[in-house]
Amino acid sequence: MPRKAEVSRKTKETDINICLDIDGCGKGNIDTGVGFFNHMLNGMARHGFLDLDVKIKGDLDVDDHHTIEDCGIVLGQAISKALGGKAGIKRFGSCILPMDETLVLCAVDLSGRPYLNFDVTFPTEMSGDMHNEMVKEFFYAISYSAGMNIHIKLLDGGNSHHIAEAVFKAFGRALDEAVKYDERISDVLSTKGTL
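Notes on the structure follow.

Reading the values: rules and limits
Residues numbered from 1 in each chain as written. Predicted model: local features only at pLDDT ≥ 70, side-chain atom pairs only at ≥ 80, totals over all residues. Heavy atoms only, no water. Phe/Tyr/Trp six-rings, centres within 6.5 Å; stacked < 30°, edge-to-face > 60°. Helix = DSSP H or I, 4+ residues; strand = E, 2+ residues; numbered from the N terminus. Buried < 20%, exposed > 50% of the residue type's maximum accessible area, 1.4 Å probe, protein only. Polar contact = N/O pair within 3.5 Å; in protein donor to acceptor, adjacent residues only side chain to side chain. Contact = heavy atoms within 4.5 Å. Pairing = 2+ DSSP bridges. Axes fitted to C-alpha atoms, helices over the stretch in contact; angles between N-to-C directions.

Moving on: the packing of aromatic side chains. Enumeration over the complete set of coordinates arrives at 7 aromatic pairs. Seen in terms of ring centroids, F37 and F168 are 6.4 Å apart; in terms of plane orientation they differ by 70°. Their pairing is edge-to-face. Note that F37 is positioned in helix α1 (residues 35–48) and F168 in helix α4 (residues 160–178), a separation of 131 residues in sequence. The class for F168 is buried, based on a relative accessible area of 1%. Ring centres of F138 and F139 lie 5.0 Å apart, and the angle between their planes is 80°; this geometry places the pair in the edge-to-face category. Each member of the pair F138 and F139 is classed as buried.

If you want it as C-alpha cells, here you go:
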C-alpha cells in the first residue's frame, strides 16, 4: 500500500497543507514564507527520500514561530498517518552526519511515545531569516504529533547554517532508515504487539 498522507490545519495564525510520500525519491516542493526554513525542509526531503509538498501562509508579520512550530505539528501528523499501523518497519533509525566542520547525531524510534532530547547550541541567533531556536521547536512538535522518540546531538560544529542543515539532513536519513521494511518483521517490532 502506498505510504502517503495529506494533512491540512488552519488556525488564526497559520494555514498549512502538507502532502507526504514516505516512499518517495526526495522531491521537495516547499513554500513556507521563510527562505531558510524552505532550504532546511528541502534538504530533509532530499536526504530522507521523502516526497514532500508544504504550503504555509503564516503570521510572519509577528515572527517565524507559529509557521515553523505548526509545520512540525502537521508534518508529524502526516508521518503518523502515512505509516498507519507500522507493521513490518524497522522502527529505529539513526545517522551521524558530517557537514564540513559540523558533526550531528540523530536517532529516532517510531515507538508511539513522544520524546525529544535536543542537545544542540547555535553560535548565532539567526540563520538567514529564521531564528535558530525554532529548530528545537520544530522537532519537538514532530515528536509529539507523530508519537516519535527523537534524539539530536551536536557532536562538533561552529557554523549555524551548517549545524541546522546537518540536523535536518540527519533527521531525514534516520527517519528513512526507521520506516524501511524488514522481511523478518511480520507485524510490529515490539514485545507488546503494538506501537
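Within the element layout of this structure, R3 appears in the segment before β1 (4–10). Among the polar contacts listed, one links the side chain of R3 to the side chain of D23, at a separation of 2.7 Å. Side-chain polar atoms of R3 contact the backbone oxygen of V179, separated by 2.8 Å. Setting aside chain neighbours within four positions, we find R3 in contact with L20, D21, I22, D23, A82, L83, I89, V179 and Y181.

Looking now at the environment of E177. Among the structural elements, E177 can be located in helix α4. On a C-alpha basis, the gap between E177 and I89 in space is 9.1 Å, while along the polypeptide they are 88 residues apart. Aside from chain neighbours lying at most four places away, what touches E177 is K90, F92, G93 and S94. There is a polar contact of 3.4 Å between the side chain of E177 and the backbone nitrogen of S94.

If you trace the 4 strands from one edge of the open sheet to the other, you get β5-β6-β10-β7, paired in mixed fashion. Looking at which strands have only one partner, the edges of the open sheet turn out to be β5 (92–99) and β7 (115–119). Looking at each pair of strands side by side, their axes are set apart by 10° on average, direction ignored. Pairing between β5 and strand β6 (residues 102–109): 8 bridges, direction antiparallel. Residue pairing for β6: S94 is matched across the bridge by A107. Contacting β7 and β10 (149–156), helix α3 (residues 133–146) runs over the sheet at an angle of about 160° to β7. With respect to the sheet, α4 is in contact with β5, β6 and β10, its orientation differing from that of β5 by roughly 150°.

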